[in-house]
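Examination of the molecular architecture
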Amino acid sequence: MPISRRTVLAVGAGAAAGLSLPAAAQAGAAHTGERKGSTRSVTFRLDATTLDGGEQVTSLTLDTSRFGPIDRSSLTTGTFSVHAKATSPLPIAPGDAIYSEYDLDRPVTAARVDRHGDIVLELSHAEGQLGGGTLGYIASKGRNVRLVLTYTITQNVPLILRTGRQVTIGAFEQGRLANPEVDAFSYHESRSGLKYRLYSPAPTPGRRPLIVWLHGGGEGASLPDNYYDNETTLRANRGALGFATPQAQRIFDGAYVVAPQSTSFWLEDGPRFAPLIREIVRAVSRRHPIDPGRIHVVGCSNGGYMSLKMTTTYPDLFASSVPICGVVQSLQPGGPTMITDAELLSIDTPTWLVASKDDTTVPPTPNTVHAHDLIRGSRMSLYDTVTWNGHRFPGHWSWIYVARNDPSVNGTHVWQWMSRRRR
């Protein structure tokens, strides 16, 4: 049975599977051989969706519109077969392990022609299902890395056009991975070298809120390997993406969402990272119509710790703070306290803490519950488990609830509560 990398997450490691091959890096790697009487090659796109448990490749879109109208009745789930292989982009040392690699056939659950005349092959996928995810977790590094994806398509029977002509494709060339939610975030780098992604709402008059999303430990860089992708913060979970959904944008009346990526992990040196995050907030605020009274900080695990650290370092900056399964006490025996009681007592930023009772990575009692006891006026949502749409996730993944606007107190949900806060 495949072992999920989430079962071996390092302290504060971030969210679940999700990334892809860099654009065109594997173009031409997956193909069938040329066949007599066949057409020229067809490029296909990998279509991905970030599920609550991370990004998965959910379908393939074949560039077949140039063939002309296809007889849809001739297209079935057996017309094409799909094989997927995912391998580590970094060498794995002896005795080390990477979780979520795979080399398997991916069942085609539906085959259709879209409005452009391209063939779409829907692939079997589900939360926790091996074979669709696009990140691997390297145990010794505590990092998610982009798996090298190689998809191979085999045509089993000819396509039939409405004219009656039969078409056999000579070769398939793998193209880019597309995820509309992720692609909506632009790429940036601060003057200090910290990378970040930015979602910009539709232009409207007036100043807009800014939401700062701080990722978990597994989504930082691994600079000894020269690995710093500015991708995993969006593909590993729906934390930042949730605030860019139409539902959230309506609640916040159009909000910018910024997702910085640590050069390691926030817990390594929070006091050093705090001014680097502040620099990004300043840069975004200079370039865009940000309301300085409506800047919010949200983070999970390592990022939950960093959310608290930001409000202690910059007490007048944020309108609200939502630390999710955040680290307060050191998880190492005898280690230093990450956020002191004096710091917690000093926080006056409106704070809503979220965790799950079955979190074994960051136990809630000495962390989330302790912080709630000391932060005056704070709210807390403490779940029994992390269960969404009938699927039970590891207890550490309570960020799923915030990404879905589930936490509520007295009928007010967390997004609505945030949107009403002003500094």
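Calculation criteria
Residues numbered from 1 in each chain as written. Predicted model: local features only at pLDDT ≥ 70, side-chain atom pairs only at ≥ 80, totals over all residues. Heavy atoms only, no water. Helix = DSSP H or I, 4+ residues; strand = E, 2+ residues; numbered from the N terminus. Rg over C-alpha atoms; globule rule 2.2 N^0.38 Å. Buried < 20%, exposed > 50% of the residue type's maximum accessible area, 1.4 Å probe, protein only. Contact = heavy atoms within 4.5 Å. Areas by Shrake-Rupley, 256 points an atom, 1.4 Å probe, with all protein chains shown as cover. Lys, Arg positive; Asp, Glu negative; His and termini not counted. Charge placed at Lys NZ, Arg CZ, Asp CG, Glu CD. Pairing = 2+ DSSP bridges.

**Side note on the overall build of the protein**
The helix and strand inventory of the protein stands at 10 helices and 25 strands. Compactness check: the protein gives a C-alpha radius of gyration of 23 Å against a globular reference of 22 Å for 423 residues, within 12% of the reference. Principal axes of the C-alpha set define a box for the protein whose edges measure 75 × 55 × 40 Å. Here the protein, with 423 residues, has 56% of them falling under the buried criterion. Intrachain contacts of the protein at a sequence separation of at least 6 include 76% that bridge at least 24 residues. Accessible surface, the protein as shown: approximately 16,800 Å² in total, 50% of it carbon and sulfur. Between the averaged position of the 42 positive side-chain charges in the protein and that of its 36 negative side-chain charges there is a distance of 6 Å.

**Some details on the sheet that holds strand β8 (residues 135–138)**
Pairing within the open sheet is antiparallel, and its 3 strands lie in the order β4-β8-β9. With one partner strand each, in any of the chains shown, β4 (98–99) and β9 (143–146) form the two edges of the open sheet. Two elements, β4 and β8, share 2 bridges in a ladder whose sense is antiparallel. Among the inter-strand pairings, I98 is bridged to a residue of β8, identified as I138.

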